[in-house]
Amino acid sequence: MKKEIWIGGMTVDLDRLSKGFNVLLPFWVLFFAFLGYRFNFNFHFLTVILFFAAVVNFYFLFIQKRHTLLSNFGLMAQFRYFFESIGPELRQYLFLSDVEEKPFNRIERSEVYRKSKGVDDTFAFGSQLLFNQSEFKLRHSLFPVSRSVIQPFSLTFGEERGIKNTYTLKRPVIISAMSFGALGERAVRSLARGAKKAGILMNTGEGGYPKYHLLEGCHLIFQMGTAKFGVRKDDFTLDDNKLRKLAFLPQVKMIEIKVSQGAKPGKGGLLPKEKISKEISELRGVPMGEDVISPSFHVECTNLNKLVHFIKRVQSISELPVGIKLCIGREDEFRELILELKKEDIFPDYITIDGAEGGTGAAPKTFMDDVGVPIFVALPMVNRILNEEGVRNKLKLMAAGKLINSGRQFMAFCMGADAIYTARGFMMALGCIQALQCNRNTCPVGITTHDEHLQRGLDIELKSERVLSYMKSLEHEHVELLQALAKKSISELSILDLYTEKGLS
Ligand SMILES: Cc1cc2nc3c(=O)[nH]c(=O)nc-3n(C[C@H](O)[C@H](O)[C@H](O)COP(=O)(O)O)c2cc1C
């Protein structure tokens, strides 16, 4: 809603328009009541209609909590719902088809919305995907297995090194890194509360001390970006004591060193100045009024050997499982990294591969569009290299990159992933409408903004239930897919369970 539109050469600020409407509505009621009383009784018809509208508007703004847009903008937001409700028809006859919107088409998004609201998840008539262009399909069996043989998911990080503080994951999907900064307080708390209810793990993102993540009691992966917010010295090097203290928090179960991110590989994180509140500037230790740009690499890690020993250092300080997150660029460089790990006999406890199609709070367009290898190319390649070098059993492999539904998640399992990360899947569970304004502090549904007015409609309790419901629906489908593929557990899936026209790298 906080958006400008052109009408007949005039710019209209929709946010102001709705605020003006909300303030003026009660006055209009009084105005027409006065006209009806003083001049002509017929004015009372308008008084009654406007009075009714004012009551409904009050209910939307101050009482109901289910719809963020209505809480933030009142009756005016109904226009959005109205156009959204006739959107499929408009698109079908005039504009885009249901599979054309980007980055997530309407079908993909509505699947997550339905899962998070726990409503009927079945569709009719047939798939709307273009089968001649689809890359992968799962291979089902002639003899599906019964539900009773399906084994619960379990994955223990750190067992390869035999450390004391191993962490066992009980659900295969993790909330991917999104910092407080990229997300507002209420979004972080909704996700964290949902994670606690669903028994899933949540990554803090690179936003420094995870104040709001900790508040809700869920288990966390603390992410250390290249700027090392929360655990750094002034020169961007690691402050061992700060990391030790953080790793000692009972909720922090693992540490992730972010080497690169799919949406902006080879570039450091970016937090636009519009999103730097006083609190964020304190939590990150950065000034207000300037964009915060993280270095493009960890200053300690100027070559492979130094990177490997930095992993070891973080493992020793934290005494926790430690992983690295990266987007694949060059295959030969990744193999060299694995060879270096082998040579030094130092292994991270997991590697996360973030596909080039991954999301971000803010990044230059060319990095989003043109740099990095997509997940379904990178993941089988990484798995193959780990196997060829004989180190696949030394670490866990995680994957991210539009893996928002159970089908794509299973494809990633088949390609070698042990667990899945998704960021935007969980954002949609919170009600993200893909307004594409995460970098402007103007998110109309209060998720990627610090504007209190816009966050007001995001009801933490209700949204945490949506997170729970989304996760439950995914798990339900995981079980059904395992049955259809005749597998007892996710760990049994392999590349042989995947059909592809193209072949894998
Ligand atoms: C709003 C937003 C903020 C993000 N912040 C971070 C971050 O702090 N650190 C990071 O490694 N990745 C960050 N990411 C990337 C995600 O963690 C994830 O790797 C990527 O979006 C792919 O998952 P998805 O396709 O399911 O969203 C962010 C993504 C989004 C959408």
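All values reported here derive from a predicted model rather than from experimental measurement.

Cut-offs used in this document
- Residues numbered from 1 in each chain as written.
- Predicted model: local features only at pLDDT ≥ 70, side-chain atom pairs only at ≥ 80, totals over all residues.
- Heavy atoms only, no water.
- Salt bridge = Lys/Arg side-chain N within 4 Å of Asp/Glu carboxyl O.
- Helix = DSSP H or I, 4+ residues; strand = E, 2+ residues; numbered from the N terminus.
- Buried < 20%, exposed > 50% of the residue type's maximum accessible area, 1.4 Å probe, protein only.
- Axes fitted to C-alpha atoms, helices over the stretch in contact; angles between N-to-C directions.
- Parallel < 35°, antiparallel > 145°, perpendicular 65-115°, else oblique.
- Left-handed = near helix turned anticlockwise from the far one by under 90°.
- Contact = heavy atoms within 4.5 Å.
- Nonpolar A, V, L, I, M, F, W, Y, C, P; charged D, E, K, R; others polar.
- Domains from an automatic or database assignment.
- Buried area = accessible area lost by both parts, 1.4 Å probe.

1. Re the pattern of salt bridges
Now for step 1: Per the counting criterion, the structure on display carries 30 salt bridges.
Now for step 2: Glu185 is paired through a salt bridge with Arg189; the nearest N and O atoms lie 3.6 Å apart. Here Glu185 and its partner Arg189 are both found in helix H7 (residues 185–198), 4 residues apart, which amounts to about one turn of the helix.
Now for step 3: Arg189 gets classed as buried once you look at its relative accessible area, which sits at 18%.
Now for step 4: If you follow the salt bridges from partner to partner, you end up with Glu185, Arg189, Arg193, Lys197, Glu216, Glu461 and Glu465 in one network.

2. Remarks on the packing of H7 against helix H18 (residues 460–485)
Two quantities define a packed helix pair, namely the angle between the helix axes and the distance between the axes.
Now for step 1: Contact pair H7 / H18: the axes reach a minimum separation of 7 Å and the direction vectors enclose 50°. By the angle class used here, H7 and H18 are oblique. The interaxial crossing formed by H7 with H18 has right-handed handedness. Residues Arg186, Arg189, Ser190, Leu191, Arg193, Gly194, Ala195, Lys197 and Ala198 of H7 pack against Ile460, Glu461, Lys463, Ser464, Glu465, Val467, Leu468 and Met471 of H18.
Now for step 2: Residue composition of the contact of H7 with H18, grouped by class: 7 nonpolar, 3 polar and 7 charged.

3. Things to note about the domain arrangement of the chain
Now for step 1: Domains assigned within the chain are domain 1 (4–85) and domain 2 (154–474).
Now for step 2: Centre-to-centre separation of domain 1 and domain 2, based on C-alpha positions: 42 Å.
Now for step 3: At the interface, 12 residues of domain 1 touch 12 residues of domain 2.
Now for step 4: Both sides together, the interface formed by domain 1 and domain 2 hides about 1100 Å², and carbon and sulfur atoms give 49% of it.
Now for step 5: On the domain 1 side of the interface with domain 2, the three residues burying the most area are Arg66, Thr68 and Asn72, jointly 47% of the side's total.
Now for step 6: The interface formed by domain 1 and domain 2 holds 0 salt bridges in total.

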